[in-house]
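# Secondary and tertiary structure notes
Okay, here's what each chain looks like letter by letter:
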Amino acid sequence: MSGNLPPGTTPADIDRHFGGPSHEHEWHLSERDDNPFLEDLAAIWTEDCEWVEILDSYTSQKHDETFYEEGAECEATRSYRFELAYIALLDEGEPEVVFQRSVIDWLKESGYDDVYDELIDIVDAVECKWYHNEDDIEAVSVDPDRSTGEFVIRLGDEYEVGYGPGVTDDA
């Protein structure tokens, strides 16, 4: 929206005029099938705001349950990225060679284009198969925590690709 504002006007000006948001967002991981979405060497997680305006409530003695009449719902979403952390070449399902992100970046910067391109081709294949929900790919570790989480997927018994929040080195 900020791109459509008149010159000299900020989103904060709009909030002040209209009273700002009517609620605090209640962020929860989206239950969409494509969460996380894998693209451009990253796992992109989406969160939805689950805030709902409660207009009225009543308790049923018969069912011993409270029922709510709901009004407006928030449709806000946000996303965050887990960067590529490593690529592992597997031997009988166990990591044989692991390329950490810093090594992958070093290969690119040092002119080892053939090796770098092969590793990126592996990531592209994993991302494509994940997107198409193919049978030979599976998530082996899913922890969407924004600061300490990880997302690890395996392509058959050949490759494992790991993503993490802001991972750009061996840490």
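Residues numbered from 1 in each chain as written. Predicted model: local features only at pLDDT ≥ 70, side-chain atom pairs only at ≥ 80, totals over all residues. Heavy atoms only, no water.

### Focus on the pairing of strand β6 (residues 77–91)
Here is the rule: Strand pairing is assigned whenever DSSP identifies at least 2 bridges connecting the two strands. Helix and strand definitions follow DSSP, with helices as H or I runs of at least four residues and strands as E runs of at least two, each counted in order from the N terminus.
Two strands pair when backbone bridges link them, and strand β3 (residues 42–49) and β6 are joined in this way by seven bridges, in the antiparallel orientation. Paired with Trp45 across the bridge in β6 is Tyr80. The sheet contact formed by β6 and strand β7 (residues 94–100) spans six bridges and is antiparallel. Across the sheet, the residue bridging to Ile87 is Phe99, located in β7. As consecutive antiparallel partners, β6 and β7 are separated by two residues, and within that stretch Glu92 has a phi angle of approximately 55 degrees, a positive value.

### Let's talk about the side chain of Ser141
Formally: Only protein chains enter the calculation, and the probe is 1.4 Å; a residue is then buried if its accessible area is under 20% of its type maximum, exposed if over 50%, and partly exposed in between. Counted as a polar contact is a pair of N or O atoms within 3.5 Å, where, for protein atoms, one must be capable of donating a hydrogen and the other of accepting one, and residues adjacent in sequence contribute only when both atoms are in side chains. Whether two residues touch is decided by their heavy atoms; if any such pair falls within 4.5 Å, the residues are in contact.
By the secondary structure assignment, Ser141 is in strand β8 (residues 137–143). We classify Ser141 as buried; its relative accessible area is 19%. Looking at Ser141, its side chain comes within polar contact range of the side chain of Glu150, at 2.6 Å. Contacts of Ser141, omitting those with residues within four sequence positions, involve Glu150, Phe151 and Val152.

### A few points about the packing of aromatic side chains
Formally: Centre distance within 6.5 Å is the pairing criterion for rings of Phe, Tyr and Trp, where only the six-membered ring of Trp is used; planes under 30 degrees apart are then read as stacked, over 60 as edge-to-face, and the remainder as tilted.
This model, assessed by the stated rule, comprises eight aromatic pairs. Ring centres of Phe37 and Tyr131 lie 5.7 Å apart, and the angle between their planes is 90 degrees; this geometry places the pair in the edge-to-face category. Residue Phe37 is found in strand β2 (residues 37–39), and its partner Tyr131 is found in helix α3 (residues 113–131); the two are separated by 94 residues along the sequence. Note on Tyr131: relative accessible area 55%, which makes it exposed. Residues Trp45 and Phe82 carry aromatic rings whose centres are separated by 5.8 Å and whose planes lie at 65 degrees to one another, so their mutual orientation is edge-to-face.

### Comments concerning the nonpolar core
Under the convention used in this document: We call a set of buried Ala, Val, Leu, Ile, Met, Phe, Trp, Tyr and Cys residues a nonpolar core when their side-chain atoms join them within 4.5 Å.
With 23 residues, the main nonpolar core has Leu84, Phe151, Ile153 and Tyr163 as its most contacted residues. Residue assignment for this core shows that the elements contributing at least two residues are β3, β6, α2 (101–109), α3, β9 (150–155) and β10 (159–165). No other element matches α3, which puts six residues into this core.

### Here's the deal with the pattern of salt bridges
Note the following rule: For this document, the term salt bridge refers to a Lys or Arg side-chain nitrogen within 4 Å of an Asp or Glu carboxyl oxygen.
Tallied over the full model, the rule gives seven salt bridges. Arg78 serves as the salt-bridge partner of Glu47, at 2.5 Å between the closest nitrogen and oxygen. Taken together, the residues span a long stretch of sequence, with Glu47 in strand β3 and Arg78 in strand β6 at a distance of 31 residues. On the accessibility criterion, Glu47 (9% relative accessible area) is buried. One salt bridge connects Arg154 with Glu160, and the closest N-O pair in it is separated by 2.6 Å. Sharing partners across several salt bridges, the network here consists of Glu47, Arg78 and Arg146.

### Things to note about a negative patch on the surface
Put simply, the rule reads: Nonpolar side chains (Val, Leu, Ile, Met, Phe, Trp, Tyr) within 5 Å and like charges within 9 Å form the patches, drawn only from residues with over 30% relative accessible area and no salt bridge. Residue exposure ignores everything except the shown protein chains as possible cover, and the areas themselves are Shrake-Rupley values with a 1.4 Å probe. The charge count includes Lys and Arg as positive and Asp and Glu as negative, but it does not include His or the ends of the chains. A charge is said to be at NZ when it belongs to Lys, at CZ for Arg, at CG for Asp and at CD for Glu.
A contiguous patch of negative charge on the surface is contributed by Glu39, Asp40, Asp113, Asp114, Asp117, Glu118, Asp121 and Asp124. With six residues, the single largest contributor to the negative patch is α3. Examined against the element boundaries, Asp40 turns out to sit in the loop between β2 and β3. Looking at Asp40, the relative accessible area reads 59%, which means it is exposed.

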